[in-house]
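As a plain string of letters, each chain reads:
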Amino acid sequence: MVAKEVTILCKTGLESKMAAKLIQKASEYESNIWIQKDERKANAKSLLGLLSLGISPGDTITIITDGRDEETALNELEAFAKNGMTD
Amino acid sequence: MSNGTQSVRLGKIVKEFMLEKLVYAPEFDNILVTSTDINRPGLQLDGFFEYFGNERVQVIGKVEMTFLEKMSSQQRYKSLYELFSRGIPCVIIARGMEPFPEMVEVARKCRIPLLRTPEVTSRFVGNLIAFLNVELAPMETMHGELVEVYGEGILILGESGVGKSETALELVKRGHRLVADDLVEIRRVSSKTLVGTAPEVIRHFVEIRGIGILDVKYLYGVGSVKMTESINLVVKMELWNPQKHYERLGVDEQYTEILGIKVPSLTIPVRPGRNLAIIIEVAAMNHRQRKMGYNAAETFTRRITEDINKNRE
């Protein structure tokens, strides 16, 4: 299991469409992927949990990956999140 | 996983107990209460501050009031100042009693909220502790569904895409209730009880792949949802693994540990054509029957053993 902190900079925060993009990206990997904000942790491959975190611009989240491709998944998702949820 | 220090905003306590604000400012709403314990500051008013828990809510009842009444105005001011200047979250006067002018003055000076309730002291303290126990309980979020089936709270766990939401929907259709979809907030409210609820923003919404977001309360009515439910049984759904051994008899009980509490659990293999809603229904009924004292697996095993012994004679 590996983890990294990322600050969300996109202006809208993680609203529905942004979340959908993140889920699509996360679903490319075999590993289990989690997004943690404060005390809550949600599965990055499903929409409702991710939206319930209420991630606003400037919030720091932790990406946690666990599985065979955890390193690749973590690095690529970090870059993806830093780039405003685009490749 | 989170198990850190929980806190509750003073504003929420004021609202919940409809406390009267004697000395208050809007920013006091954000004062955080972190202790489930409450202090009646009798000894402290007499100047004894050893082992004083300054993080606790201070409740003043008839005893404390009468004690203060016996003092001179100057003594009262000094004694109250000692208490109020120790960084306490707030002071609540019970029984709707009138505060002394020195008390209001000291509260203003130290910027400590002074509140009042009409309730009797011990009853108020009891209610406040019960409320704080729930609000400050250790919390963990889990990815899964929480449903109530025949009165049993069932937490369905499993990887994304295994069909948890679909199963929950089928259970709702069959007359059971949905508590949470996708993310369940679980609180340990006592040393034996776990209570689950949904985060408020996504409460009673379900995501079904291919359709999108559904509002269960709107579609199936208020009878199909529930706000909170205690967790009695954990059901783990996983794709059928031919190499894995699945429970056949059900004599040995399996457990899953959540926030330090062991909850009975089952692992159900998923394969096309298996109606999981029916399996969960029957698991709930079986669990219920066990709680009521009848264990089908044990009875069955005993009968077989008796039969073998009879044949041997």
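Since this is a predicted model, take the numbers as computed values, not measurements. (Residues numbered from 1 in each chain as written. Chains lettered and ligands numbered in written order. Predicted model: local features only at pLDDT ≥ 70, side-chain atom pairs only at ≥ 80, totals over all residues. Heavy atoms only, no water.)

### Quick look at the interface of chain A and chain B
Line of reasoning, step 1. Of the residues lining the interface, 14 residues belong to chain A; the matching set on chain B comes to 20 residues.
Line of reasoning, step 2. For the pairing of chain A and chain B, the buried interface totals around 1500 Å² over both sides, and the portion due to carbon and sulfur atoms is 55%.
Line of reasoning, step 3. Taken together, the connections running from chain A to chain B amount to one salt bridge.
Line of reasoning, step 4. Residue E185 of chain B pairs with R40 of chain A through a salt bridge whose shortest N-O separation is 2.4 Å.
Line of reasoning, step 5. Where chain A meets chain B, there are seven residue pairs in polar contact (both at pLDDT 80 or more).
Line of reasoning, step 6. Looking at the side of chain A that touches chain B, the elements that each hand over two or more residues are strand 2 (32–37), strand 3 (40–43) and helix 2 (47–52) of chain A. (Contact = heavy atoms within 4.5 Å. Buried area = accessible area lost by both parts, 1.4 Å probe. Salt bridge = Lys/Arg side-chain N within 4 Å of Asp/Glu carboxyl O. Polar contact = N/O pair within 3.5 Å; in protein donor to acceptor, adjacent residues only side chain to side chain. Helix = DSSP H or I, 4+ residues; strand = E, 2+ residues; numbered from the N terminus.)

### With respect to the side chain of Q6 of chain B
Line of reasoning, step 1. In this fold, Q6 of chain B is placed in the segment before strand 1 (8–9).
Line of reasoning, step 2. Exposure remark for Q6 of chain B: the relative accessible area of 8% places this residue in the buried category.
Line of reasoning, step 3. Ignoring anything within four residues of it in the chain, the contact list for Q6 of chain B reads E39 of chain A together with V33, T34, E135, L136, A137, P138 and M139 of chain B. (Buried < 20%, exposed > 50% of the residue type's maximum accessible area, 1.4 Å probe, protein only.)

### Observations concerning the sheet that holds strand 4 (residues 60–66) of chain A
Residue and element names in this part refer to chain A.
Line of reasoning, step 1. Strand order in the open sheet formed by four strands is 1-4-2-3, and the pairing between neighbours is antiparallel. Looking at strand neighbours, the two that pair on one side only are strand 1 (2–7) and strand 3, the edges of this open sheet. This sheet shows a mean twist of 25 degrees between the axes of neighbouring strands, independent of strand direction.
Line of reasoning, step 2. With four bridges connecting them, strand 2 and strand 3 associate as antiparallel partners. When the sheet's bridge partners are listed, W34 is paired in strand 3 with N43.
Line of reasoning, step 3. Across the face of the sheet, helix 3 (residues 70–82) comes into contact with strand 1, strand 2 and strand 4 while running at roughly 5 degrees to strand 1. (Pairing = 2+ DSSP bridges. Axes fitted to C-alpha atoms, helices over the stretch in contact; angles between N-to-C directions.)

### Focus on the confidence of the model for chain B
Line of reasoning, step 1. Per-residue confidence for chain B averages 93 on the pLDDT scale, and 98% of its residues sit at or above 70.
Line of reasoning, step 2. Across the predicted assembly, pTM comes out at 0.78 and ipTM at 0.85. (pLDDT = per-residue confidence, 0-100.)

### Focus: the packing of aromatic side chains
All names here are of chain B.
Line of reasoning, step 1. Enumeration according to the criterion identifies six aromatic pairs over all chains in this entry.
Line of reasoning, step 2. With 5.5 Å between their ring centres and 75 degrees between their planes, F17 and F124 make a pair best called edge-to-face. A residue pair is termed long-range when its members are at least 10 positions apart, and F17 in the loop between helix 1 (10–16) and strand 2 (20–23) and F124 in helix 6 (residues 121–135) qualify at 107 residues.
Line of reasoning, step 3. Joined through ring pairs, the aromatic side chains of F17, F124 and F131 make up one cluster. (Phe/Tyr/Trp six-rings, centres within 6.5 Å; stacked < 30°, edge-to-face > 60°.)

### Considerations on the pairing of strand 5 (residues 57–60) of chain B
All names here are of chain B.
Line of reasoning, step 1. Of the two faces of strand 5, the one holding V57 and V59 and the one holding Q58 and I60 are both buried throughout.
Line of reasoning, step 2. With two bridges joining them, strand 4 (residues 38–39) and strand 5 adopt parallel strand pairing. Residue pairing across strands places N39 opposite Q58, the latter belonging to strand 5.
Line of reasoning, step 3. Here strand 5 runs beside strand 6 (residues 91–93); their pairing, made up of three bridges, is parallel. Residue pairing for strand 6: I60 is matched across the bridge by I93.

### Here's the deal with the UniProt feature "binding site: ATP" (unreviewed entry) in chain B
Line of reasoning, step 1. With numbering aligned to this structure, UniProt lists the feature "binding site: ATP" (unreviewed entry) at G158, E159, S160, G161, V162, G163, K164 and S165 of chain B.
Line of reasoning, step 2. Within the fold, E159 of chain B resides in the loop between strand 9 (152–157) and helix 7 (164–173).
Line of reasoning, step 3. Since its relative accessible area comes to 54%, E159 of chain B is described here as exposed.
Line of reasoning, step 4. With near-sequence residues (within four places) excluded, E159 of chain B lies in contact with N32 of chain A together with K164 and M237 of chain B.
Line of reasoning, step 5. With respect to the helices and strands, V162 of chain B occurs in the loop between strand 9 and helix 7. (UniProt positions renumbered as here; feature names shortened; annotations may be inferred.)

### Overview of the domain arrangement of chain B
Line of reasoning, step 1. The domain boundaries assigned to chain B delineate domain 1 (8–135) and domain 2 (139–299).
Line of reasoning, step 2. A C-alpha centroid distance of 43 Å is found between domain 1 of chain B and domain 2 of chain B. (Domains from an automatic or database assignment.)

### Structural notes on the sheet that holds strand 6 of chain B
All names here are of chain B.
Line of reasoning, step 1. Pairing is mixed across the open sheet formed by five strands, whose spatial order is 2-7-6-5-4. With one partner strand each, in any of the chains shown, strand 2 and strand 4 form the two edges of the open sheet.
Line of reasoning, step 2. Pairing between strand 6 and strand 7 (residues 114–116): three bridges, direction parallel. Bridging across to strand 7, I92 finds its partner in L115.

### Here we look at helix 4 (residues 73–84) of chain B
Given 3.6 residues per helical turn, the α-helix brings residues three or four places apart onto the same face.
All names here are of chain B.
Line of reasoning, step 1. Taking 1.5 Å of rise per residue, twelve residues should cover 16 Å, and helix 4 covers 16 Å from first to last C-alpha, within 8% of that figure.
Line of reasoning, step 2. Of all the residues in helix 4, the buried ones are R76, S79, L80, L83 and F84. Mapping the buried residues of helix 4 onto a view down its axis gives an arc of 130 degrees, with all of them on the same face. Residues Q74 and K78 are exposed on helix 4 and point more than 90 degrees away from its buried face.
Line of reasoning, step 3. Here the buried face of helix 4 lies against helix 2 (42–45), strand 5, helix 3 (62–69), strand 6, helix 5 (101–110) and strand 7. (Expected span 1.5 Å × (residues − 1). Arc of directions from axis to C-beta.)

### Some details on the side chain of R203 of chain B
Residue and element names in this part refer to chain B.
Line of reasoning, step 1. Relative to the assigned elements, R203 resides in the loop between strand 12 (194–197) and strand 13 (205–208).
Line of reasoning, step 2. Salt bridges are absent for the buried R203, whose nearest opposite-charge side chain, E200, sits at 5.0 Å.
Line of reasoning, step 3. In this structure the side chain of R203 is engaged in a polar contact, spanning 3.3 Å, whose partner is the side chain of T197.
Line of reasoning, step 4. If near-sequence neighbours (up to four positions away) are discounted, R203 is found in contact with T197, A198 and M227. (Lys, Arg positive; Asp, Glu negative; His and termini not counted.)

### Remarks on the pattern of salt bridges
Line of reasoning, step 1. Applying the stated criterion to the full structure yields 23 salt bridges over all chains.
Line of reasoning, step 2. E78 of chain A is the salt-bridge partner of K4 of chain A, the closest N and O atoms lying 3.1 Å from each other. With K4 of chain A in strand 1 and E78 of chain A in helix 3, the pair connects residues that are 74 residues apart, well separated along the chain.
Line of reasoning, step 3. Residue E78 of chain A is classed as buried on the basis of its relative accessible area, which comes to 15%.
Line of reasoning, step 4. As a salt-bridge pair, E281 of chain B and R174 of chain B come within 3.0 Å of each other at their nearest N and O atoms. One end of the pair, E281 of chain B, is in helix 9 (residues 276–291); the other, R174 of chain B, is in the loop between helix 7 and strand 10 (177–180), and 107 residues separate them in sequence.
Line of reasoning, step 5. A residue is classified by how much of its surface remains accessible, and E281 of chain B, at 8% relative accessible area, is buried.
Line of reasoning, step 6. The class for R174 of chain B is partly exposed, based on a relative accessible area of 36%.
Line of reasoning, step 7. Salt bridges here are not isolated pairs; linked through shared partners, they connect E148, R177, K226 and E229 of chain B.

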